[in-house]
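# A structural walkthrough
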Amino acid sequence: MENKDIDWGDHFQTPQHICEYMASFLPDYAGLILEPTPGKGNLVRVLEKHGIVQYPLPGVDFFELEKSPLHNRYNWIVMNP
């Protein structure tokens, strides 16, 4: 099978218990958190308990975040391992 035939889709979601484990390394209030690969939002929902999460909206190129006034001012970047 060639790569062009693979449906990459949105099949690789971080499991809830891994999201919780990853977030456990953050302080209670982590400040501004970037999640550049939100998928269905499993990790985003957990991270929101620890701070303000910024992420690209569906269909928006990740690099569009560079236009944000908060660009390069994140306290943490957390994403699917």
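Basis of the calculations
Residues numbered from 1 in each chain as written. Predicted model: local features only at pLDDT ≥ 70, side-chain atom pairs only at ≥ 80, totals over all residues. Heavy atoms only, no water. Helix = DSSP H or I, 4+ residues; strand = E, 2+ residues; numbered from the N terminus. Buried < 20%, exposed > 50% of the residue type's maximum accessible area, 1.4 Å probe, protein only. Contact = heavy atoms within 4.5 Å. Salt bridge = Lys/Arg side-chain N within 4 Å of Asp/Glu carboxyl O. Polar contact = N/O pair within 3.5 Å; in protein donor to acceptor, adjacent residues only side chain to side chain. Pairing = 2+ DSSP bridges. Right-handed = clockwise from strand over helix to strand, strands pointing away.

Quick look at the side chain of His50 now. Along the chain, His50 turns up in the loop between helix 2 (42–47) and strand 2 (51–54). For His50, a relative accessible area of 16% gives the class buried. Discounting residues that sit within four places of it in the chain, His50 has contacts with Ala23, Leu26, Pro27, Asp28, Tyr29, Ala30, Gly31 and Ile33.

Under the defined criterion, the tally for this structure stands at 1 salt bridge. With a closest N to O distance of 3.5 Å, Glu20 and Lys49 form a salt bridge. In this pair, Glu20 is assigned in helix 1 (residues 16–23) and Lys49 in the loop between helix 2 and strand 2, connecting sequence segments 29 residues apart. With a relative accessible area of 58%, Lys49 lands in the exposed category.

Mapping Gln13 onto the fold places it in the segment before helix 1. Gln13 gets classed as partly exposed once you look at its relative accessible area, which sits at 22%. In this structure the C-alpha to C-alpha distance between Gln13 and Gly41, which are 28 residues apart in sequence, comes to 8.5 Å. Within polar-contact distance, the side chain of Gln13 engages the backbone nitrogen of Lys40 at 3.1 Å.

The next subject is the pairing of strand 1 (residues 31–34). Where strand 1 lies against strand 2, 4 bridges are found, and the strand directions are parallel. Its bridge partner lying in strand 2, Ile33 is registered against Val53. One crossover worth recording links strand 1 to the parallel strand 2 by way of helix 2, and it is right-handed. Summarising the sheet, strand 1 and strand 3 (residues 76–77) pair through 2 bridges and their orientation is parallel.

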